[in-house]
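# Commentary on secondary and tertiary structure
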Amino acid sequence: MAEKKRILSGMRPTGPLHLGNLHGALANWVKMQEQYDCFFFIADWHALTSDYENTGFISGYIRDMLIDWLSAGLSPEKSTLFIQSHIKEHAELFLILSMITPVPWLERNPTYKDQIVQLSNKDLSTFGFLGYPVLQAADIIIYKAHGVPVGVDQVPHVEITREIARRFNYFYGNVFPEPESILTETPKILGIDRRKMSKSYNNAIYFSDSPDKIAASVSKMLTDPQRARKSDPGDPDVCNVYEFHKFYSDSKTVDRINKECRTAEIGCVECKKIMAQNLIKALEPMREKREYYEARPQLVDDIITDGCDKARRVARRTMAEVREAVNL
Ligand code: TRP
Ligand code: SF4
């Protein structure tokens, strides 16, 4: 049997996961488990690069994230699930890679320039923040991953990773494969205010939300902005509620909404109610799994320990090669 190709990806533990994360990344990871040798990890050191002043939430977020992952269908039997800071080898490789990474590569990184402007309320003029992609490169190549499933925003980091791997191989011999981005499609569903769904916009629906909370969020969703009154015909094609229907309602319902919205036979209040019910039903299995894991903290601890042990074995093997290549 041919060896499965290895892929790796990570998420920063900055809060509970929402439907945007589910459709954008997680659902894709869950599918990839069948096809690839998957390594998925929680990038807690990376969370420190921007939130170093306020670290009190991190340990809770890490646990919540793991439970979010498990309830969405990541499986500790199929994938290696682990926490970055538990594998100290990432830090050692990061240090060695930092010796060979030219600073201009990091300074011209588009996400670096963007974030400095966007997060102007934080002082990001730190060494660690500039070095973010070097740590990310260490995360990826320490497992000799071939593919990195990411959204478009992370592609520059995978590019820098390739450049760093190439430079390492050039100086010290061929140790690392050059990983490729596997682009994850960004979901069409938006936040309840029609902006990109994001924790910082306060417009997200979380998959840990209670049914009541979900119903309340859906009732607040902005719809076709041209449709002021129920008697006005609407246009589902510009309505975010309709996008949600396409994900969560059966095709008969979707067709009916499409027609009755245009003819003003159905009002937004009713349309949202139907959608909320279907959304709540679709998330029910996840809610059950979440309750299962929340009631079994020891099981969650064991999953973390096992996943970290598996990851550490691979990372240690690579580091032995790295030290030899670098003559340490
Ligand atoms: N930078 C990624 C993000 O913010 C998280 C991350 C850290 C990552 N290390 C990684 C993603 C390695 C893929 C591979 O989303
Ligand atoms: Fe959107 Fe439904 Fe209202 Fe049409 S009826 S505008 S699809 S919420």
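A brief structural summary.

## What to know about the site of ligand 2
Taken together, Thr223, Asp224, Arg227, Cys239, Val241, Tyr242, Cys261, Cys268 and Cys271 are the residues near ligand 2. More than half of the atoms belonging to ligand 2 lie within 2 Å of the grid points that define the largest cavity. Contributing elements (two or more residues each) for the shell around ligand 2: helix H11 (240-248) and helix H13 (268-294).

## What about empty space enclosed by the protein?
Evaluation of the coordinates by the stated rule reveals one cavity of 30 Å³ or more. In this structure, the largest cavity encloses a volume near 100 Å³. Around the largest cavity, the lining is made up of 13 residues, and of these Arg227, Cys239, Cys261, Cys268 and Cys271 lie nearest the centre. Elements that contribute at least two residues to the lining of the largest cavity include exactly H11, helix H12 (251-262) and H13. Looking at the lining of the largest cavity element by element, the count peaks at three residues for H13. Its residues placed into classes, the lining of the largest cavity shows nine nonpolar, one polar and three charged.

## Focus: the environment of Lys246
Structurally, Lys246 can be placed in helix H11. Along the backbone, Lys246 and Met275 are 29 residues apart, and their C-alpha atoms lie at a distance of 9.5 Å.

## Here we look at the packing of aromatic side chains
With the rule as written, the count across this model stands at 15 aromatic pairs. Geometrically, the ring pair formed by Tyr112 and Phe129 is tilted, given 5.7 Å between the ring centres and 35 degrees between the ring planes. You can see Tyr112 sitting in helix H6 (residues 110-118) and its partner Phe129 sitting in helix H7 (residues 127-130), a full 17 residues away along the chain. In this pair, the class of Tyr112 matches that of Phe129, namely buried. Look at Phe244 and Tyr248: their rings are 6.3 Å apart centre to centre, the planes differ by 35 degrees, and that puts the pair in the tilted class. Taken together, the residues span about one helical turn, with Phe244 and Tyr248 both in helix H11 at a distance of four residues.

## As for the nonpolar core
Grouped together as the largest cluster of nonpolar side chains are 97 residues, with contacts concentrated most on Leu19 and Trp69. Of all the elements, helix H14 (residues 297-326) adds the most residues to this core, at eleven residues. Residues from two domains meet in this core; each of domain 1 (6-189 + 296-326) and domain 2 (209-290) gives at least three.

## Structural notes on the pattern of salt bridges
Pairs may arise between side chains of opposite charge once their charged atoms sit close together. Summed over all chains, the structure comprises 21 salt bridges. Arg162 is the salt-bridge partner of Glu178, the closest N and O atoms lying 3.6 Å from each other. Here Glu178 is found in the loop between helix H9 (155-172) and strand E5 (180-183), whereas its partner Arg162 is found in helix H9, with 16 residues between them in sequence. One salt bridge connects Glu265 with Lys259, and the closest N-O pair in it is separated by 3.7 Å. Among the residues examined, Glu265 registers a relative accessible area of 45% and is labelled partly exposed. Lys259 gets classed as partly exposed once you look at its relative accessible area, which sits at 48%. Here the salt bridges do not stand alone but share partners, grouping Asp68, Arg290 and Glu294 into one network.

## What to know about the site of ligand 1
Every one of the 14 residues lining ligand 1 counts as a neighbour, but Arg12, Tyr132, Gln136, Asp139 and Gln154 are closest to it. Side-chain polar atom of Gln154 to a nitrogen atom of ligand 1: 2.9 Å apart, as the coordinates give it. Relative to its unbound accessible surface of 360 Å², ligand 1 loses 92% to contact with the protein. When contributions to the shell around ligand 1 are tallied by element, the ones reaching two or more residues are strand E1 (6-11), helix H8 (132-141) and strand E4 (147-150). Here the shell around ligand 1 takes four residues from H8, the largest share from any one element. By residue class, the composition of the shell around ligand 1 is seven nonpolar, five polar and two charged.

## Some details on helix H1 (residues 19-32)
Taking 1.5 Å of rise per residue, 14 residues should cover 20 Å, and H1 covers 19 Å from first to last C-alpha, within 8% of that figure. Maximal helix bending in H1 amounts to about 40 degrees, located at Ala25. What H1 keeps buried is the set Leu19, Gly20, Leu22, Gly24, Ala25, Leu26, Trp29 and Met32.

Thresholds applied
Residues numbered from 1 in each chain as written. Chains lettered and ligands numbered in written order. Predicted model: local features only at pLDDT ≥ 70, side-chain atom pairs only at ≥ 80, totals over all residues. Heavy atoms only, no water. Near = heavy atom within 4 Å. 1 Å grid on protein atoms, 1.4 Å probe; cavity = no way out; pocket = protein on both sides within 12 Å on 5 of 7 lines; lining within 4 Å. Sits in = over half its atoms within 2 Å of the grid points. Helix = DSSP H or I, 4+ residues; strand = E, 2+ residues; numbered from the N terminus. Points joined across faces, edges and corners; volume = space filled by probe spheres on them. Nonpolar A, V, L, I, M, F, W, Y, C, P; charged D, E, K, R; others polar. Phe/Tyr/Trp six-rings, centres within 6.5 Å; stacked < 30°, edge-to-face > 60°. Buried < 20%, exposed > 50% of the residue type's maximum accessible area, 1.4 Å probe, protein only. Core = buried A, V, L, I, M, F, W, Y, C linked by side-chain atoms within 4.5 Å. Domains from an automatic or database assignment. Salt bridge = Lys/Arg side-chain N within 4 Å of Asp/Glu carboxyl O. Polar contact = N/O pair within 3.5 Å; in protein donor to acceptor, adjacent residues only side chain to side chain. Areas by Shrake-Rupley, 256 points an atom, 1.4 Å probe, with all protein chains shown as cover. Expected span 1.5 Å × (residues − 1). Bend = angle between axes of the 7 residues up to and from the residue.

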